[in-house]
Amino acid sequence: ITETGIAWTEDVGDYKNVNLKNQWLDVTNEHFIVWMHPAGLPHFRKRWGRILTDIMPGNYIIQIRNNYDVNNFDGKKYIVLSTTNSLGGDNMILGGFFVAVSCLSFLLCSVFLVAYNVKQKDNSQIRE
């Protein structure tokens, strides 16, 4: 598992170490940067690493160290293996929503353009 390239490139430049002798943590660590990125929704995923090669079918053992207890607020932790492509994850609902909004915007733009041209034509006839 590759643990580099997991943070957003925009976030990496925002964190800088001031003085490592007086700091308790290296804030340029990408795991820290991913953890500090605020989630927009109450259910979220934080990327731990990237698997750059194909995984062969079989049984695997994953060792997890629990550094933060979430039982106090009824939180839950999961391990999620997912695939992504250059356009993001496999969320077809979000892609469909973007296509629907784009079609609606194009339709409304066409209606307003026709209405504008009709209005301009009416105004030019009145002037004559």
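Each value, and the rule that gives it
- Per-chain numbering applies: the sequence of each chain, read as written, is numbered from 1 onward.
- In view of the model being predicted, local features appear only for residues whose pLDDT reaches at least 70, and side-chain atom pairs are presented and counted only at 80 or more, with totals across whole chains, interfaces and linings using the full set of residues.
- Here the side-chain values reflect all heavy atoms present in the structure, with hydrogen atoms and water set aside.
- The way it works is that DSSP assigns letters per residue, a run of H or I at least four long becomes a helix, a run of E at least two long becomes a strand, and they are numbered from the N terminus.
- The globule rule is 2.2 Å times the number of residues to the power 0.38, and the radius of gyration it is compared with is taken over C-alpha atoms.
- Exposure categories follow from relative accessible area, calculated using a 1.4 Å probe and restricted to protein chains: below 20% of the type maximum is buried, above 50% is exposed, and the middle band is partly exposed.
- Residues form patches when they are more than 30% accessible in relative terms and have no salt bridge. Like charges link within 9 Å. Nonpolar side chains (Val, Leu, Ile, Met, Phe, Trp, Tyr) link within 5 Å.
- Residue exposure ignores everything except the shown protein chains as possible cover, and the areas themselves are Shrake-Rupley values with a 1.4 Å probe.
- Salt bridge, as applied in this entry: a Lys or Arg side-chain nitrogen positioned within 4 Å of an Asp or Glu carboxyl oxygen.
- Just so you know, the count uses Lys and Arg for positive and Asp and Glu for negative, and it drops His and the chain ends.
- For this analysis, a polar contact is any N or O atom pair within 3.5 Å, provided that within protein one partner can donate a hydrogen and the other can accept it, and provided that sequence-adjacent residues contribute only side-chain to side-chain pairs.
- Criterion for a disulfide: a pair of cysteine sulfur atoms within 2.5 Å.

K.L.:
I would appreciate a short explanation of the overall build of the chain in the present structure.
P.N.:
Scanning the chain from terminus to terminus reveals three helices and zero strands. From first element to last, N terminus to C terminus, the chain shows the α and β order α-α-α. For 128 residues, the compact-globule estimate of 2.2 N^0.38 gives 14 Å, and the chain exceeds it by more than 25% at 25 Å. Taken along the three principal axes of its C-alpha coordinates, the chain extends 80 × 45 × 35 Å. In the chain, which comprises 128 residues, the proportion classed as buried is 9%.

K.L.:
Looking at this model, I keep getting lost on a nonpolar patch on the surface. Mind explaining?
P.N.:
Among the surface-exposed residues, Ile1, Trp48, Ile51, Ile55, Met56, Tyr60, Ile62, Ile64, Ile79 and Leu81 lie close enough to one another that they form a single nonpolar patch of about 1,200 Å² accessible area. Along the chain, Tyr60 falls in the loop between helix H2 (30-36) and helix H3 (92-127).

K.L.:
I'm lost on the side chain of Glu30 in this one. Help?
P.N.:
Topologically, Glu30 is positioned in helix H2. Although Glu30 is buried, it makes no salt bridge; Arg50 carries the closest opposite charge, 7.2 Å away. A distance of 3.0 Å separates a polar atom in the side chain of Glu30 from the backbone nitrogen of Gly5. A polar atom in the side chain of Glu30 sits 2.9 Å from the backbone nitrogen of Ile6.

K.L.:
What exactly am I supposed to notice about unusual backbone geometry here?
P.N.:
Trans is the prevailing form of peptide bonds, just as negative phi is the prevailing case for residues other than glycine. Phi at Asp74 takes a positive value of approximately 55 degrees, unusual for a residue other than glycine. When you line up the elements, Asp74 lands in the loop between H2 and H3.

K.L.:
I tried to follow the state of the cysteines on my own but got confused; where do I start?
P.N.:
Covalent bonding between the sulfur atoms of two cysteines defines a disulfide. Under the counting rule described, the total for this entry stands at zero disulfides. As a non-bridged cysteine, Cys109 has Cys103 as the owner of its nearest cysteine sulfur, 13 Å distant.

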